[in-house]
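# Chain and residue survey
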Amino acid sequence: MEAENFNIKEKISYYLDNFNSPIGIAVNLTILGLILLSSGIFVLETYPLPESSLQLLDRLDDVILYLFTFEYLIRFWCAEYKIKFVFSLFSFIDLLSILPLFIGFVDIRFIRILRWFRILRLLRLIKFETSLFRVKSEDGVVLVRIFLILFSLIFIYSGAIYQVEHYSNPEVFTTFFDALYFSVVTMTTVGFGDVIPLSEAGRILTVMMIFSGILLIPWQLGILTQKFLQSSQQGDQVCSHCGLKFHDRDANFCKICGTKL
C-alpha cells in the first residue's frame, strides 16, 4: 500500500513539474491560465463595475483561491522532504498567494495586498513558457526570465500602491492603470511629479520602488547585454560528437567533449 501511494505521489509530482508530456502541459497551462485570470480579476475590480459583476468576480476569485490551495496541499503531500518544501522559495510564494483564504476574516485592508503576490507564481512557469513558445536559445530563456521578473515586480508594486493610496488619494489613484503608470514612472526614475502619494505607507512603497528600479533594472539589462555580446562572438559550428551548437568563432575544439571542430 505504501509503495502504491509512493508511486502515485511520484506520478503527480512528475506531471506538476513536467513540461513535455501532454498531461504535464495541460496541467501547467491550466495553472498559468488561473494565474492570469486571477490577476485579471484584481485589475477589473479596481474599475467601476455593476454590483452584480463585482459579486460574480468575487465568487470566481474565491474558486481560484480554493484551487490554488488544493494545488499547494497536493504539492505538500507529494514532497519527499516536507520541511524543505515549506521553506523553499516557490512554496513560500504559493503560501502567500493562498494566505488570504485563512486570514480573510480579519478586517484589515492591507491584508489584501498579499493577493498581488500571486503573480510571482509565474516565475515557477519560466521553463514551461520557454517550452510552450519554443524558446530554445539561452538568450531567449534569459529574455523571458528578465521580462517575467520585471513584470511581476511592477505588477506587485502597482497593486500595493493602489491598495494603499486608493482610500486616501482616490482622485489620483482611481484605477489599476493609474497605479501601473505611477509604478513604471517611479521604477524607471523618470519622475514626472504629476502623481504623488499622500499616505506614509505610499511614500515608503515609493522609496522601495525607486531602489528596486535603480538596482534591478540595470542589473537585468546588464545580464541581457552580456548574453547578446557572448552570442555575437560565437559561431554556429556544430560538434559532430556531442552536438553542441555554439562555439567561439576561433575555437578549434569543442569546449564540452574536446572533439576537433
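Everything numeric here is computed off the predicted structure, so don't read it as measured data.

## Examining a nonpolar patch on the surface
A cluster of nonpolar side chains, namely V207, I210, F211, I214 and L215, defines an oily patch on the protein surface of about 470 Å² accessible area. L215 gets classed as exposed once you look at its relative accessible area, which sits at 61%.

## Thoughts on helix α8 (residues 176-187)
Taking 1.5 Å per residue, twelve residues should reach 16 Å; α8 reaches 16 Å between its end C-alpha atoms and fits that length. Along α8, the positions that sit buried rather than exposed are F176, A179, F182, S183, V185, T186 and M187. Of the residues flanking the end of α8, it is T189, one or two places downstream, whose phi is positive at about 60 degrees.

## A look at the UniProt feature "transmembrane region" (unreviewed entry) in the protein
UniProt records the feature "transmembrane region" (unreviewed entry) for residues 21-43, 85-106, 142-160, 172-192 and 204-224 in the present numbering. In the segment residues 172-192, helix accounts for 57% and strand for 0%; the C-alpha atoms at its two ends are 14 Å apart.

## Regarding the pattern of salt bridges
A side chain of one charge can pair with a side chain of the opposite charge when the charged atoms of the two come close. Within this structure, the stated rule accounts for one salt bridge. Taking the shortest distance from any N to any O, the salt bridge between R75 and E71 comes out at 2.8 Å. You can see R75 and its partner E71 sitting in helix α3 (residues 51-78), four residues apart, about one turn around the helix.

## Describing unusual backbone geometry
Of note, T189 is a non-glycine position whose phi angle comes to about 60 degrees, a positive value. Turning to its location among the elements, T189 is positioned in the loop between α8 and α9 (200-232).

## Describing the packing of helix α2 (residues 22-44) against α3
Viewed as axis vectors pointing N to C, α2 and α3 meet at an angle of 145 degrees, and their least axial separation amounts to 10 Å. The chirality of how α2 crosses α3 is left-handed. Residues I31, L34, I35, L37, S38, I41, F42 and L44 of α2 lie in contact with α3, whose contacting residues are L57, L60, D61, I64, L67, F68, E71 and R75. Of the residues that constitute the contact of α2 with α3, the class distribution is twelve nonpolar, one polar and three charged.

## So, the side chain of S183
Mapped onto the secondary structure, S183 falls in helix α8. Those residues within four positions of S183 in sequence are excluded, and the remaining contacts are I154, Y157, S158, I161 and M209.

## Overview of the packing of α3 against helix α5 (residues 89-103)
At their nearest, the axes of α3 and α5 sit 9 Å apart, and the two run at 135 degrees to each other. Classified by the angle their axes make, α3 and α5 are oblique. As for the relative orientation of α3 and α5, their crossing is left-handed in sense. Residue-level contacts link L65, Y66, F68, T69, Y72 and R75 of α3 to S91, D94, L95, S97, I98, P100, L101 and F102 of α5. Across the contact of α3 with α5, the residue classes tally to nine nonpolar, three polar and two charged.

Each value, and the rule that gives it
- Residues numbered from 1 in each chain as written.
- Predicted model: local features only at pLDDT ≥ 70, side-chain atom pairs only at ≥ 80, totals over all residues.
- Heavy atoms only, no water.
- Patch = residues over 30% accessible without salt bridge, like charges linked within 9 Å, V, L, I, M, F, W, Y side chains within 5 Å.
- Areas by Shrake-Rupley, 256 points an atom, 1.4 Å probe, with all protein chains shown as cover.
- Salt bridge = Lys/Arg side-chain N within 4 Å of Asp/Glu carboxyl O.
- Buried < 20%, exposed > 50% of the residue type's maximum accessible area, 1.4 Å probe, protein only.
- Helix = DSSP H or I, 4+ residues; strand = E, 2+ residues; numbered from the N terminus.
- Expected span 1.5 Å × (residues − 1).
- UniProt positions renumbered as here; feature names shortened; annotations may be inferred.
- Axes fitted to C-alpha atoms, helices over the stretch in contact; angles between N-to-C directions.
- Left-handed = near helix turned anticlockwise from the far one by under 90°.
- Contact = heavy atoms within 4.5 Å.
- Nonpolar A, V, L, I, M, F, W, Y, C, P; charged D, E, K, R; others polar.
- Parallel < 35°, antiparallel > 145°, perpendicular 65-115°, else oblique.

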